Amino acid sequence: MKNIISGILITVLFASCEKVLDLKYKDNKSSIVIEGNITNEAGPYFVKITRSVKLKETGSYPTVDSAMVIINDDAGNIDTLAIMGNGLYQTKRITGVEGRSYTLTVQADNEVYIAKSTMPALVPFDSVKVETVKIVGDTEYNLIPVYTDPLVAGNKYRFILTVNDKIINQHFVQDDEVRNGVVNTTRLEVNDDDLELKKGDVISIEMQCVDTNVALYYKTLALIGDSGPGGGTTPNNPVNNISNGALGLFSAHTTEHKGVVIAL
Amino acid sequence: MHKRTVAISLLFLFSTTLLLAQSKFTVSGTVKQKSSGETLIGVNVVIAEKPSVGVTTNEYGFYSISLPKGHYTFRFSYVGYKQELVPVDLVADVKVNINMADESKLQEIVVKARKENDNLTSATMGTEVLNMKDAAKLPVVFGEKDLVKTIQLLPGVKSNGEGSNGFSVRGGATDQNLILLDEAPVYNASHLLGIFSTFNSDAIKDATIIKGNSPAQFGGRLSSVLDVKMKEGNNKEYHMSGGIGLISSRLTVEGPIQKDKSSFIISGRRTYADLFAKISPDFKDIQLYFYDLNAKANLAINDKNKLFFSGYFGKDVLGVSKTFGSKWGNSTGTLRWNSVLSGKLFSNTSFIYSNYDFNVSFKSDNSETNFNSHIRDLNLKQDFTLYASAKNTIRFGFNVIHHTITPTTAGGTNIIRTRRSQKGLENALYVGNAFKASESINVDYGLRFSFYNIRDGKTYANWEPRLSVNYRVSNTASIKMGYARNTQNLHLMSNSTGGSPTDQWIGNSDTIRPELADQVSLGFSKNLYNNAYELSTEVYYKTMQHQIDYKDGVDLNTVTNIESVLLFGKGRAYGVEVLLKKKKGLLTGWIGYTLSKTERKIQGINNNEWYNAKQDRTHDLSIVGIYTLSPRWTLSGAFIYTTGNAVTFPTGKYVLNNMVIYQYGSRNADRMPATHRLDLSLTYQKRNHSWSFGLYNVYGRKNPYSITFKENKNNPQQIDAVQTSLFQWIPSVTYNFNF
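Residues numbered from 1 in each chain as written. Chains lettered and ligands numbered in written order. Predicted model: local features only at pLDDT ≥ 70, side-chain atom pairs only at ≥ 80, totals over all residues.

Quick word on the overall build of chain A
Reasoning step 1: A tally of helices and strands in chain A yields two helices and 17 strands.
Reasoning step 2: For chain A, with 264 residues in total, the buried portion stands at 42%.
Reasoning step 3: Considering only contacts in chain A between residues 6 or more positions apart, those separated by 24 or more positions represent 64%. (Helix = DSSP H or I, 4+ residues; strand = E, 2+ residues; numbered from the N terminus. Buried ≥ 20, exposed ≤ 12 C-beta atoms within 10 Å, placed from the backbone. Contact = placed C-beta atoms within 7 Å.)

Quick look at the overall build of chain B
Reasoning step 1: The number of helices and strands found in chain B is five helices and 48 strands.
Reasoning step 2: A globule of 739 residues ought to have a C-alpha radius of gyration of about 27 Å, and chain B, at 26 Å, matches this closely.
Reasoning step 3: In terms of principal-axis extent, the alpha carbons of chain B reach across some 90 × 65 × 50 Å.
Reasoning step 4: Considering chain B as a whole, with its 739 residues, one finds that 51% of them fall into the buried category.
Reasoning step 5: Taking all contacts inside chain B whose residues are at least 6 apart in sequence as the whole, residues at least 24 apart take part in 63%. (Rg over C-alpha atoms; globule rule 2.2 N^0.38 Å.)

Some details on unusual backbone geometry
Reasoning step 1: The omega torsion across G43 of chain A and P44 of chain A is 0 degrees, close enough to zero to call that bond cis.
Reasoning step 2: As for its position among the elements, P44 of chain A is in the loop between β2 (32-39) and β3 (46-51).
Reasoning step 3: Despite not being glycine, N530 of chain B shows a phi value in the positive range, around 55 degrees.

A word on the sheet that holds strand β5 (residues 68-73) of chain A
Sheets are built from strands that pair by backbone hydrogen bonding, the pairs being arranged parallel or antiparallel.
Residues and elements named next belong to chain A.
Reasoning step 1: Reading across the sheet, the four strands line up as β6-β5-β9-β10 and stay open at both edges, with antiparallel pairing between neighbours. Of all strands in the sheet, those with a lone pairing partner are β6 (78-80) and β10 (111-118), marking the two edges. Ignoring which end each strand starts from, the neighbouring axes of this sheet average 15 degrees apart.
Reasoning step 2: For β5 and β6, the ladder comprises three bridges, and the chain directions are antiparallel. Bridge pairing links I71 to D79 in β6. (Pairing = 2+ DSSP bridges. Axes fitted to C-alpha atoms, helices over the stretch in contact; angles between N-to-C directions.)

So, the domain arrangement of chain A
Residues and elements named next belong to chain A.
Reasoning step 1: Split into domains, chain A comes out as domain 1 (26-120 + 233-252) and domain 2 (125-212 + 256-261).
Reasoning step 2: Centre-to-centre separation of domain 1 and domain 2, based on C-alpha positions: 26 Å.
Reasoning step 3: Each partner contributes to the interface: domain 1 provides four residues, whereas domain 2 provides four residues.
Reasoning step 4: Tallied by class, the residues present in the side of domain 1 that touches domain 2 amount to one nonpolar, three polar and no charged. (Domains from an automatic or database assignment. Nonpolar A, V, L, I, M, F, W, Y, C, P; charged D, E, K, R; others polar.)

Notes on the sheet that holds strand β4 (residues 53-54) of chain A
Reasoning step 1: With respect to topology, three strands assemble into an open sheet ordered β4(A)-β41(B)-β42(B), the strand pairing being antiparallel. Here the strands that pair on one side only, and so sit at the sheet edges, are β4 of chain A together with β42 (659-664) of chain B.
Reasoning step 2: Where strand β41 (residues 650-656) of chain B meets β42 of chain B, six bridges bridge the pair, whose relative direction is antiparallel. Paired with L656 of chain B across the strands is M659 of chain B, a residue of β42 of chain B.

What about the confidence of the model for chain B?
Keep in mind that low pLDDT regions are not for reading the predicted coordinates in detail.
All names here are of chain B.
Reasoning step 1: Mean pLDDT for chain B: 86, with 91% of residues reaching 70 or above.
Reasoning step 2: When mean pLDDT is compared element by element in chain B, strand β35 (residues 566-582) scores highest at 95, while helix α1 (residues 2-21) scores lowest at 46.
Reasoning step 3: Segment residues 1-21: pLDDT under 50, and 15 contacts once partners within four positions in sequence are set aside and those in other chains are kept.
Reasoning step 4: Across residues 105-110 the pLDDT falls below 50, and counting only partners more than four positions away or on other chains, this stretch makes 18 contacts in the model. (pLDDT = per-residue confidence, 0-100.)

Points about the environment of S197 of chain B
Residue and element names in this part refer to chain B.
Reasoning step 1: Examined against the element boundaries, S197 turns out to sit in strand β15 (residues 196-197).
Reasoning step 2: Overall, the presence of 26 C-beta atoms within 10 Å leaves S197 in the buried class.
Reasoning step 3: For S197 and S692, which are 495 residues apart along the polypeptide, the C-alpha to C-alpha distance reads 19 Å.
Reasoning step 4: Not counting residues within four places of it along the chain, the set of residues in contact with S197 comprises D146, L147, V148, K149, A189 and S190.

Considerations on the pairing of strand β22 (residues 305-320) of chain B
All names here are of chain B.
Reasoning step 1: Two strands pair when backbone bridges link them, and strand β21 (residues 286-300) and β22 are joined in this way by 15 bridges, in the antiparallel orientation. Its bridge partner lying in β22, L293 is registered against F313.
Reasoning step 2: Here β21 hands over to β22 after four residues, the two strands then running antiparallel side by side.
Reasoning step 3: Note that β22 and strand β23 (residues 324-340) share 14 bridges and pair antiparallel. Looking at β23, one finds that Y312 is bridged to T332.
Reasoning step 4: In this structure, the hairpin formed by β22 and β23 is closed by a connection of three residues, where S321 is found at a positive phi of approximately 35 degrees.

Some details on the pairing of β5 of chain A
All names here are of chain A.
Reasoning step 1: Covered by surrounding structure in β5 are V69, I71 and D73 only, the residues M68, I70 and N72 on the alternate face being uncovered.
Reasoning step 2: Direction of pairing for β5 relative to strand β9 (residues 101-108): antiparallel, over a ladder of six bridges. Along β9, the bridge assignment pairs I71 with L104.
Reasoning step 3: Joining the antiparallel neighbours β5 and β6 is a turn of four residues, in which G76 adopts a positive phi near 90 degrees.

Thoughts on the environment of T220 of chain A
Reasoning step 1: Residue placement: T220 of chain A occurs in helix α2 (residues 212-225).
Reasoning step 2: Accessibility expressed as a C-beta count within 10 Å gives 23 for T220 of chain A, which makes it buried.
Reasoning step 3: T220 of chain A sits 15 residues away from P235 of chain A along the chain, and the two C-alpha atoms are 8.5 Å apart.
Reasoning step 4: Not counting chain neighbours up to four residues away, the residues in contact with T220 of chain A comprise P238 and V239 of chain A together with D552 and G553 of chain B.

A look at the environment of V97 of chain A
Residue and element names in this part refer to chain A.
Reasoning step 1: Topologically, V97 is positioned in the loop between β8 (88-90) and β9.
Reasoning step 2: A residue is classified by how many C-beta atoms lie within 10 Å of it, and V97, with 15 of them, is partly exposed.
Reasoning step 3: Along the primary structure V97 and A252 are separated by 155 residues, whereas in three dimensions their C-alpha atoms are 9.0 Å apart.

Structural data, given as structure tokens:
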């Protein structure tokens, strides 16, 4: 909301100008990064373990290849993941089931990291609706994921936007705090500084039903996203669901894809 | 128990007065400007035979002195006005009303003491008075003279940066400034996201900023009081004045209601960028403007009773076609009744209404969402000034404010949740005395007892002692020291790095306790070259308790329970302020410099370690000069340099699910690049009209507005820090007239 107000004002009133700065950055603590996903689709599922690097580095990210990775669920299943190399670990037998809680245990470099996530019930993703808005002579496109939020409160959704086969590095989270139990009409808050949608673009959206912690993680990132005095919260490493100070996220979620081509 | 103590102290004060009242006579009256009949505030009234005995006129131009029987010469002096000498044969209580003539040839400075060496004799600390007439000569963006912008050129007062709301005083937050317009609190003092203030300069008489050491009659905010007073209007003849600028126009009408007795003033202002924009079909759907309306009238019922009504109404409107609309604004109304109960006792009763609200709405094909919030006050203030003796001026009274606060509530299609409004009573009892202990020592001391009562809930009570002492070391130098405690019962919820009109106010609750600040300060003033130069420095140290911050990942406008996302902690701020003014000659102006630090320590942020508050800036320099080229031409310039705000830059990065995510270290450990800028203005003045030409940011410095981190388009492995700047070389032309 803040972003919209200042955004419009700046576009309309001022010719703002941009330049790239050469900033000095404080020392970075290289931390372990754990990425784990369990979905309602058939396995195998993967866990990836890497390390963070300094902001200015341009090489590849160091991987952690000799960790012991275990996933177990609240139905008594346990699975030790196979080491695939390049930081990747693969499940052998565990399955993703709605309503089940999963615990990820990673033992690496004499440290143990534990994460827990629960896969919510699937809320069907019906379609992607495109709305057009004319602002200052430009046509802008709003993307609205259409789904019917169930009456039970506390549902959280995460969306991943792909435009012309390119994943957009922006974070979209919706929930039922303001509206509950209705067909969604809220658009994805796309930051159009970096992404201008145009006629002919092929849009693909993945909808994930996620648990509260996963939603909070991405919501934190989304709010940092609006920078400058017009909006944006003070940046911070988002609170995640992994213990012992590891970065990253373990997410058990449902997944469904829908696409649309911008026609008008 | 508290109430009884206060009652007893009030009683005590009265009884001293009665004792002192014997065998003396009182001279009292009102001082006005000759040409317009506007009352003059802060006029120095001194007995020529006994220069150590004197008072200054109050906010309504009233003064009173009690003396033994005898013959005296009263000297009325005020910077910029011809001195008046009035002989008085004192055998009974007498009334002396004075009209002082404007000494227009005298070159004045913008930020001035009310008498030449006021800085040396007055006990008030951290206080500056701004005169609107003079502020007009300073360069400003878009040529719109603005007292809030001028105040930000003083040491200790920091702008939050181009394109953001508000200002910060001595390390405090934006919401810790009490902004009063004719006693009514103004909850959001900016238009167009801080580019303009809500104060239309044509309607303003003067403004005083008190940086934390306020007298006991003020309270309710931690950092400062900005006390803005509207003009009363000319009670001699009708006048119309106004201005036409590139972005806005102003029109003011003033005149007598009863000649020489009462008057009115109505002043309006509107921007018209949107009207021009509409010419272009591309901008047809954009709504973007603000307007202000100020009105004031006074009515003399009789010699001793006077009524004042003042009102303000302002609104910002910003919208895009039918999809997005927003509106926000303040309205205030003040009805005051001045009464001279006796030559020694002056009373003012005020009924005040104040409201701030915003409304933001989003519409799509088949759905609408809107967000609303407001804060509405009904306020009663009773203030007495008792001119007890030549040495003691006592002020006491009470204030009751009824707040109705509606935190941001969502509405529209299918909205399920609303928030209930809160109600609270903010009360205060106060007493203070300006005491002339000796020829060289002045002491202002007072006590404020504030208590906030949440309707159907808790009551929070606080004692707020205030003290300032001035010791005159020599004819040209003085030392000051002060201590003050302030409390704050209303809190502005804002977790963005800058302010926004959609920030909501909330009151104390079971979990939100009153914010508290204790400030000690020490000052030294020295006048040089026969008062042509004035040097003042102050050091301060301030601690703050019950400061508020927010958990991560929270949208304050939609979160169900706002109290569940708050974090609490403390703050500290300290610094040195230096102000050197040149007050006489063809070139006048000042150099202000602040070296300061402000930090917070909040449970749950930055591993519970101290970190820089976002408004922390090490250096702040402003140089302001006004040069009279000829009686008609004036050239002025302002240069500012400030360290960048404290911000948090990423230190590292990692990849999660095919997206690059930044890693952060300590909070606010980084700095925006420094901001510096030179603005110039040239004014041509001819009897009743003037032209002013301005250039903002003369050398086109690209000052930082925001910095965003992005993957480089050609090489996504590389992260670029991209700075956005707003204003480079903004020219302006304004035509002002006065008939």
